[in-house]
Each structure stands twice: as C-alpha cells, then as structure tokens.
Amino acid sequence: MSLKPFGYPKELRLLNARDYQTVFNKVDVKAPSEHTLLLARVNNLGHPRLGFIFSKKNIRFAVQRNRIKRITKDYYRLNRHTLPNMDIIIMARKGVDQLSNDEVRSMLKKQFNKLAKRASKLTTINN
RNA sequence: GGAGUCAGCCAGACAGUCGCCGCUCGCUUGCGAGGGGAGGAAAGUCCGGGCUCCAUAGGGUAGGGUGCCAGAUAACGUCUGGGCGGCGAAAGCCGACGGCAAGUGCAGCAGAGAGGAGACCGCCUUAGGCUUCGGCCUUCGGUAAGGGUGAAAGGGUGCGGUAAGAGCGCACCGCAACACUGGUAACAGUUGUUGGCGAGGUAAACCCCACCUGGAGCAAGACCAAAUAGGAUUCCGUUCGGCGUGACCCGCGCUGGAAUCGGGUAGGUUGCUUGACUGUACGAGUGAUUGUGCAGCUAGAUGAAUGACUGUCCACGACAGAACCCGGCUUACCGGCUGACUCCCCCA
RNA sequence: CGGGCAUUAGCGCAGUCUGGUAGCGCAUCGUCAUGGGGUGGCGAGGGUCACAGGUUCAAAUCCUGUAUGCCCGA
C-alpha cells in the first residue's frame, strides 16, 4: 500500500450493498450514543473501511446531511491510523443536524475512541 | 433631500495546509503537472417540450385541460402588446375575464312573495253596518309609491298623471338591438335610428361552445456476461386462441397454448452532457422574441465529489446542495449595487 | 428520482362526490343505582374541520398554494 497518509480513496470505504450487509449480518462491536450508532466487524484487509447511513428521515435537509457527512469523512481520514482494522458503519439519529461543526467533531472523537477501546478488548479475548 | 414604482445584477473576499470527483498531457499502472468542479431558486413537482420504448401514434368514444383579442415560442396554464373591469394622487399594479336568450339543477333560515313573483302592514275604492260626524268594523276589488324580510325583491331621479298608484306618459341618466365610423381583432364612440326596458344570481353546479390533448417514464431504454435455457410428461389447438400496445372499441405488431416435474439468478457498461447553450457586434420588431457574423466550452457523481482547518479584512455572510436535459410557474431568502420613472419639499 | 394517498373532539373514524345542521364509538365530567368498586341507566362539556389565499349570499365540502405524515416503483 502506498496510500497518501491522510487520503480518502475508495479502498477505505464501504462501496456497495453487500459490504454493508456483511457488517449487519455479524456485528462484532457496537458503540451507541444519543446522536449516532456505530456498528463494526473485524476485517482482514489490513486497514479499516467506513460507510455511513445518514437517512433523509433522520436528517431532513440535504445541506445538513452533506455537512455531517463531510465532517465525518474529514475526521475519519485524519484519524484512521488510530482505528482498528474493521468495517465500520456510522448511522445518524435524529437531532444530529442541530449540532455545530465542533460539536460533531468532539462527538465523533468520543465515539471512535469508544469503538477502538471495545475492539481492543475483543481481540485480546479472541487471542 | 424624502417617499415610492419598475427592470436587472451580486450572494463574503484573499492566502496557506490537508483532502474528494471528472478532463487533458507526461511517464507509466500509480504518481506528477495543468485546468475545471452546485443555484437563483439546484427546492415544490404545478404546467409545457426534448429524449426513449410501445406502430411511423392511426380512427372513434370516454376522460382531462385551457378560456377577452392579437402576437411570441419547440411548446405551455408562460411571456409580450392591446381591450375591458378594479385599486392608487402618480409612476404603476391586480384580474380562472366565453356562454345562465339551448336544457337541467341549486338558493338553508327569514319573508306575503326567491323568478314572466308577490297584497303581511299600508294606500285607494265598491257594497253594507255603526258613529261622539273625527272616523271605525266587515266586505267585492284596485295598487308595487312607502314599511318590513333577506346576500339578492324584476332600471334611477324629477315632473305630469291618477280614486290611489304604476314606464302609464314625458325629460335627463342608465340599458338593449340594429346601422354607421375607427380598429386585424377584442372592443370603442359628445354618431344615428328603434325599443318603455320583457328571460335576476350561481357554470372554481351539471352542462353548452371554441381550441388543445395517445400512454408511460432515465428505476425510460440499449449493450456485454450470465440467465429466462436446453429438457420430460399430459391435455387442448393449428382461419381459433394467447401475449403486447395498461380507460374502452377498432386497428396494428408478435406468437401455438396450458398444467406438472426438474434446474436456476450476479452484476457491469452505457444513456450522461455541445445545448431551443453562453458571450459579443450589427440588423428586424412598440415588445415578448428573432436573423447573421465572430469567439468560447461552462459539474457529470453512482454509498454518490464540490469540503475542513488556520490567519487577515469587512458591509459579519440569508434561503439553501445538481442526479437525463431544457422553458416557465410557485414557494423560501440576511443584505448590497446599478439604471429608468412618479410624487412631495428646499435652493438657484 | 418518479408515481400516488391522507390531515375533522384526548384516541379511532363518518360527513367532502351532491356547499347551508359537524356527527358516531371509546375516553372525560356530573348524576342515579351499590355498603364501596366494576358493569349499567340518564345527562353534560369538549372542534379556528392542518395552514394561507380565492370563488360564492354562504366553504370541513369547490379551486390554488404551503406544511406535515404515509404508501408504491431497483
């Protein structure tokens, strides 16, 4: 792999419905909170992959949806080296569009840290 | 200087760092360089058109739409100009603005009467009775001026007329029909003649008239790979029947049909941006719009790009995010700029 | 992205086509019956008919726009 250190190419995303379905079929780690729900499953690709489900039902206006997506993406590509090798789905709940950019970032930090902590616990048990 | 009307434009700027999606070029199979990367509404999906498939969209019926006139346009429910009506002091703005004299329906309650209407009170009068001679009661009638009901009561004002009244007659105003004049037309008129004026409201009620209208939608459709296959059995049929064209009938196109058994599914590419395009010059037109020349290429994703952070400045940044593409309409919106016009005040 | 439907009392629904009175069941309140409660009988209250314009004498109903919720088409 000769990826740019903070890039966001397609290898680092979940791309089609099958990718999403495999995660839903067997969730290894969950990280719920008031505004989001993270689901993750261990992969053996040597890097994490991210996908998001921000539905129109939970975030009504397209401008707000795009804003949350972009901040999430940006946070992910800057911090992916701290994440375990998993396929991660981040789902939005109602009310996320009320948060400011800084609030979204701190919320993401908390959630990803929670995920990494639980994942490390999982791998030690498996080993 | 103030108040207002109309038309058009802008939608924070600059620099740095880290990223995302196309395009071109270079080397080469992932990097480098260059250049591009949301809107005026991208929205709502309320109309119209292109495009695609169904027949090249054909005939009829039903259904739907539009609704003063003329024009613009690919087309429209849009736009422009004009007419009529309304609002405003004006610039200007607003209007589903055909027909109820083809037919049918509707109008609760109130009211005498709700449509060639109607005597409840009233007014006048015939006959009779009573009388304190003022009139009162009963009654045959006349009467739409007044009261009262209602959203709405079958021209208005005045004079004459009359028992009291009434377009009953006359004058003026209004109205209708015809003619004339102007205008392509809608329509208009210090025009003329005729008519006493007789059939009011509602068509965003059914409906009538005129014009328009085939259906579906890029999840349309096309291509590649795979697959519906290839099979087996039974029954029916071979001018029949079935399928497709999704309102119905005709027509047209394709084709043997049905049941059971067994077998089996996976996506990718394209459509996808050069267009009723943009800018500019000259010309046609009151204008919407349009002709010709020159120049330009201005998002094209497919879990879906156009962003985040830092710094500086200011008027402290609204509504809001393309998904086949255009033309409109409607709705949302912090502010700012330009031009034209109207009215008022002051100065010269 | 495209196509369609709904919104009426606290809740579930009629009424809208064909304009004039907004109604039904449950729930709420009062009262009768019971020693008390439930069940039952009788009675009452509660509605800007989602919002804003328009047509009409008159709009829940007809027309136009807006908002919200739901369904269908890979």
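What comes next is a walk through the structure.

Procedures and definitions
Residues numbered from 1 in each chain as written. Chains lettered and ligands numbered in written order. Predicted model: local features only at pLDDT ≥ 70, side-chain atom pairs only at ≥ 80, totals over all residues. Heavy atoms only, no water. Phe/Tyr/Trp six-rings, centres within 6.5 Å; stacked < 30°, edge-to-face > 60°. Buried < 20%, exposed > 50% of the residue type's maximum accessible area, 1.4 Å probe, protein only. Helix = DSSP H or I, 4+ residues; strand = E, 2+ residues; numbered from the N terminus. Pairing = 2+ DSSP bridges. Axes fitted to C-alpha atoms, helices over the stretch in contact; angles between N-to-C directions. Contact = heavy atoms within 4.5 Å.

Across all of its chains, the model carries 3 aromatic pairs by this definition. Centre to centre, the rings of Phe52 and Phe54 are 5.5 Å apart; their planes meet at 15°, and the pair counts as stacked. Residue Phe54 is classed as buried on the basis of its relative accessible area of 11%. Relative to Phe112, the ring of Tyr75 has its centre 5.7 Å away and its plane inclined at 15°; by these criteria the two rings are stacked. Of this pair, Tyr75 sits in helix α2 (residues 62–79) while Phe112 sits in helix α3 (residues 101–126), and the two are 37 residues apart along the sequence.

A word on the sheet that holds strand β3 (residues 49–53). One open sheet accounts for 4 strands, arranged β1-β2-β4-β3; its pairing is mixed. Only two strands of the sheet have a single partner each, and these edge strands are β1 (29–32) and β3. The mean inter-strand angle of the sheet, taken between neighbouring strand axes irrespective of direction, is 15°. Strand direction decides the pairing type here: β1 and strand β2 (residues 36–42), joined by 4 bridges, are antiparallel. Note that in β2 the partner of Pro32 across the bridge is Leu37. α2 contacts β3 and β4 (86–92) of the sheet and is inclined by roughly 165° relative to β3.

A few words now on the pairing of β2. Most of β2 is tucked away, with 5 of its 7 residues classed as buried. Linkage of β1 to β2, two consecutive antiparallel strands, is achieved through a turn of 3 residues. In this structure, β2 lies alongside β4, joined through 7 bridges in antiparallel fashion. Looking across to β4, one finds that Arg41 is bridged to Asp87.

Geometric values such as these leave the question of function open.
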